[in-house]
Structure formats: C-alpha cells, structure tokens
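So the chains spell out like this:
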Amino acid sequence: MASTTPAPTQQPSQQPTEEEKQKHLDLGIIMALHTWPALSLAVSSNWGGPASSDKRDWLCGAISDMLQDRPETDAEDLEDVLIQVMSDEFDVVIDDESAAGVAMMIMRMREQVKRGEFGEINEMWVDWETKRKNKGKDDTAAMFKKVEGNDADQETSDEEDNEDDVEMGEAPELVAAPRERVEPEIDEDGFTKVVGRRKR
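On a predicted model such as this, the values are computed, not experimentally measured, just so you know.

1. A closer look at the packing of helix α1 (residues 18-34) against helix α6 (residues 119-134)
So, point 1. Taken N-terminus to C-terminus, the directions of α1 and α6 make an angle of 50°; their axes are 9 Å apart at the nearest point. Comparing the axis directions of α1 and α6 gives the class oblique. For the pair α1 and α6, the crossing hand works out as left-handed. In this structure, α1 uses His24, Leu25, Leu27, Gly28, Met31, Ala32 and His34 to contact α6, whose residues at the interface are Ile121, Asn122, Met124, Trp125 and Trp128.
So, point 2. Counted by class, the contact of α1 with α6 contains eight nonpolar, four polar and no charged residues.

Okay, here's the thing in structure tokens:
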C-alpha cells in the first residue's frame, strides 16, 4: 500500500536570483537611511532646502549604485560618504557615531543578502509599515512597488509624493536623477575623498 504521507516540501534550496537580492538590498538601504535620526531631522527641517526629501532619495540610489559598482566598498568608506553628503547637502556636521552605525548596518545587510538571508530587512520593513499605519499613513505600498519595479498605480501615488509628508519620508526613488549633484571625489588609489571634518 502506497504511503499517503506527503513528501517533505524541501525543494533543493532554491537560491534567490541576483535581481531579488538587489531589490532586498535596496529596500534595506532605504530602511537604514529613513530610520537614521540625524538624516530624518535634516529632511523634516528642510536643512537641505525644499528638495531635502529628494536628496535623501538620491542618496539611497547613490549608495545602491556605489555598492554595485565598487564591491570593495567597506563600512568606513560608506561612513565617510554619509558624513560628506550630510555636510555638503544638509550643512550638518555628524560628530557622533551614528553615521558609523548606519554604515555598519548597511554592510551587514549586504552580507546577509549575499547569503540569500532577508530576515532582518523584512523585519525592518514590517516595523516601518506598522509605524506608518499607526500614524494614519497607509501608502507604504508605493515605496515597496518602487523597490519591486512595479509602476502600477503610479499616477495616484505621484500626487501624494508632492505633498509635504516629510516626517516619515515619502516613497523614495531608487535611481535618483540628480546624480551630478554630489559625486564623491575618488583619489588615484580609488578611495573616496572626504572633506576633513573629523579624523579619528
């Protein structure tokens, strides 16, 4: 008599595609930057001018591009870029260790994504969505659609994007247009130059 017990659903560990990994890393970068108190304050206070939110969105895309184009980037390189952008774009001097914490978080997520582990990023997304819903904001789908590359319903969300919802930040564009605004200077050895605001 044949056994009716279903076979274990353990398929040969199906590895996520590179595209899926990149989408999760992009989402992780968004979460890390949108939950960084120093940057959130700079954006909500418009210290970068009326385009402060756009500058944060651009930074998300710029970091994503940098990690793809320069895989040798480490947490210290990323910290320097964060400090330089905060200074150049928001006129904020970061003299605590918060930039280092954000950089290490992003690099940790990058390593997790390489292994196909999305747990931390998914948890951050759930926390973010819960906080927004508690604040009466129910438009989180727009941000996730951009990460997923799904532009459906974009016409309606574009109108919302123009409103002054800066407290939690608007749905970011992963590839921001004003690339030429802040290009980190690279020296002849391939390292990112930072205007010396602080040296450890």
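2. Brief notes about unusual backbone geometry
So, point 1. Phi is positive for Asn46, which is not a glycine, with a value near 60°.
So, point 2. For Asn46, the position within the fold is in the loop between α2 (37-44) and α3 (52-69).
So, point 3. With a phi angle near 55°, Asp91 is a residue other than glycine that sits in the positive phi range.

What counts and what doesn't
- Residues numbered from 1 in each chain as written.
- Predicted model: local features only at pLDDT ≥ 70, side-chain atom pairs only at ≥ 80, totals over all residues.
- Heavy atoms only, no water.
- Axes fitted to C-alpha atoms, helices over the stretch in contact; angles between N-to-C directions.
- Helix = DSSP H or I, 4+ residues; strand = E, 2+ residues; numbered from the N terminus.
- Parallel < 35°, antiparallel > 145°, perpendicular 65-115°, else oblique.
- Left-handed = near helix turned anticlockwise from the far one by under 90°.
- Contact = heavy atoms within 4.5 Å.
- Nonpolar A, V, L, I, M, F, W, Y, C, P; charged D, E, K, R; others polar.

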